[in-house]
Structures are given as C-alpha cells and as structure tokens.
Amino acid sequence: MQSLLREKIAGEITLSELPGKTIRKWRQEFRVTQTELARQMRVSPSVVSDYESGRRNSPGIRTIHKLVDSLLEVDAKSGRRIAKRYEEFSDVIPSMREFAVGMRAADFLRKIDARALSRNLQIRRSIYGYTVIDSIKAITTLDASDYLKIYGTTSERALLFTGVKYGRSPMIAIKAHPLKPAMVVYVQPENIDDLAVKLAELDNVILARTELTPPVLIERLERMQT
C-alpha cells in the first residue's frame, strides 16, 4: 500500500504545472519542515526551499522519488501516522488523478459515456483532474478535515460518486462547503432527485450520470490521455 502512496505523490509532482507548489502541499500534509526533509534527503534546506518557490528548475524523476521516499521515511519514524491515514482512504477513494493539461468538460463526459442532468452545461469548461469516491464509505470514514484531500491540487475537477441512490447527500455536502468541483458524476445511480439537480445548477456545477460499472469506469479514467 505504501508503494501506491509513493507513486501517487510522485505522479502528482511530476504532472503538476507547478511542481514546487505540489511539493509544498505534500510536505505540509506530512507535517514535515523544510529542515527535516532536507536532512532526510541529505541536502541543504535552501535546496528544498528553492524547489518549492520555483527558484530551481523542476526536479527530475530521480530527485522526486528521493524526496517522496524521504517524506515517507520521516513519517515512518513517527509511527506512519499520515501514511496510515491515506491507507484508510484507499477504499473510500479508489482512483484519483491530476491532468497535465485541462480536458474540456464535454470530452470528459463523452469518454465515460456520461449524460448531463443539469441545464447549466459549460461545454468549454476545463477539467484538471478527477476523484472517484465511494459515497457510502465516505460517510462512515471521512471527517470535515478530510474534505480538502478529495480535491487534490485543484477543485476544477470531476468528483465521481459510486453507491448513490438519489444524489441528494453529495450535493448537499458540496453546497455546505466553499470549495465547489467543476463537475459531479453519479455512477449507476438508482434515481436522481430533482433537488440534487437544482443544487448543482445553483452552484454552477455540471451534474451528470454514467451507467458504467465502477471497475470499467476506473479503467477508462486511468487510460485517459491529456
């Protein structure tokens, strides 16, 4: 499981348009100071600072893996408190990805055989990533402080919910939070309540549904080229 987390972090940094900002995000997520990370990497703190601020060129893949390994090693010394938390997320969030470049909302919907439900379609709006969420497990596992993690590096993404019956609860949760996704997709929902559609339209969120099974959906998402 730790290898999956390692590749997730490394992938986000590699694909990010602002790798320094992504490095900072993960360092802060692991509650590691620049000095602690530099010591583990055996470099000076100014090197870490320069990467995060963009004063240095984007790090190569070897440096990125060294940086990620160092974050995990520092975390291991404190009992793997952050890594363990992300392991719990693996069931709640079975797939999550950032796109190197934006994808038009209409193209994203087409690639997952999704049909728009809201009447506020912004065809030219770009999607910069996605998060697949098991809505039932999310209710029992995630707390308020976890909500930001769903958005990765940007809220301009699609949130895809499995295990949805009527679609009210996800949209009510989104309505209550200041961050809004660009798109919400319900995966094989039973029925969609009119309230869910109305809430999406009020928040200018594209709401759609797909009848793909979760495994097929995730396979398509992970094969997407951007």
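Presented here is a report on the structure given in the accompanying data block.

### Focus: the pattern of salt bridges
One pass over the full model with this rule turns up 19 salt bridges. Taking the shortest distance from any N to any O, the salt bridge between lysine 25 and glutamate 12 comes out at 2.8 Å. Taken together, the residues span a long stretch of sequence, with lysine 25 in helix H2 (residues 19–29) and glutamate 12 in helix H1 (residues 2–15) at a distance of 13 residues. For lysine 25, a relative accessible area of 28% corresponds to the partly exposed category. With relative accessibility at 6%, the residue glutamate 12 sits in the buried group. Put simply, Arg6, Glu7 and Asp69 are held in one network by salt bridges that share partners.

### Brief notes about helix H9 (residues 168–176)
For H9, the complete set of buried residues consists of Pro170, Met171 and Ile174. Buried residues of H9 fall within an arc of 90° about the axis and therefore sit on the same side. Facing away from the buried side of H9 by more than 90 degrees, the exposed set consists of Ser169 and Ala176.

### With respect to the side chain of threonine 162
Relative to the helices and strands, threonine 162 is located in strand S4 (residues 158–162). Among residues more than four places away in sequence, those in contact with threonine 162 are Val132, Ile133, Asp134, Ser135, Val187 and Pro214.

### Description of helix H4 (residues 45–53)
Within H4, the full set of buried residues consists of Val47, Val48, Asp50, Tyr51 and Glu52. Directly after H4, the chain includes glycine 54, whose backbone phi takes a positive value near 85°.

Criteria and cut-off values
Numbers given to residues run from 1 along each chain, matching the order in which its sequence is written. In keeping with the predicted nature of the model, local features appear solely for residues at pLDDT of at least 70, side-chain atom pairs appear and are counted solely at 80 or more, and the whole-chain, interface and lining totals rest on all residues. Heavy atoms throughout the structure, all of them, feed into the side-chain values; hydrogens and water do not. By definition here, a salt bridge exists when the distance from a side-chain nitrogen of Lys or Arg to a carboxyl oxygen of Asp or Glu is within 4 Å. Elements are defined by DSSP. Helices are runs of H or I of four residues or more, strands are runs of E of two residues or more, and each kind is numbered from the N terminus. Exposure is judged per residue with a 1.4 Å probe applied to protein chains only, and the accessible area is read against the type maximum: over 50% gives exposed, under 20% gives buried, and values in between give partly exposed. Relevant arc is that of directions from the helix axis to the C-beta atoms, nothing else. Throughout, a residue-residue contact means that at least one pair of heavy atoms, one from each residue, lies within 4.5 Å.

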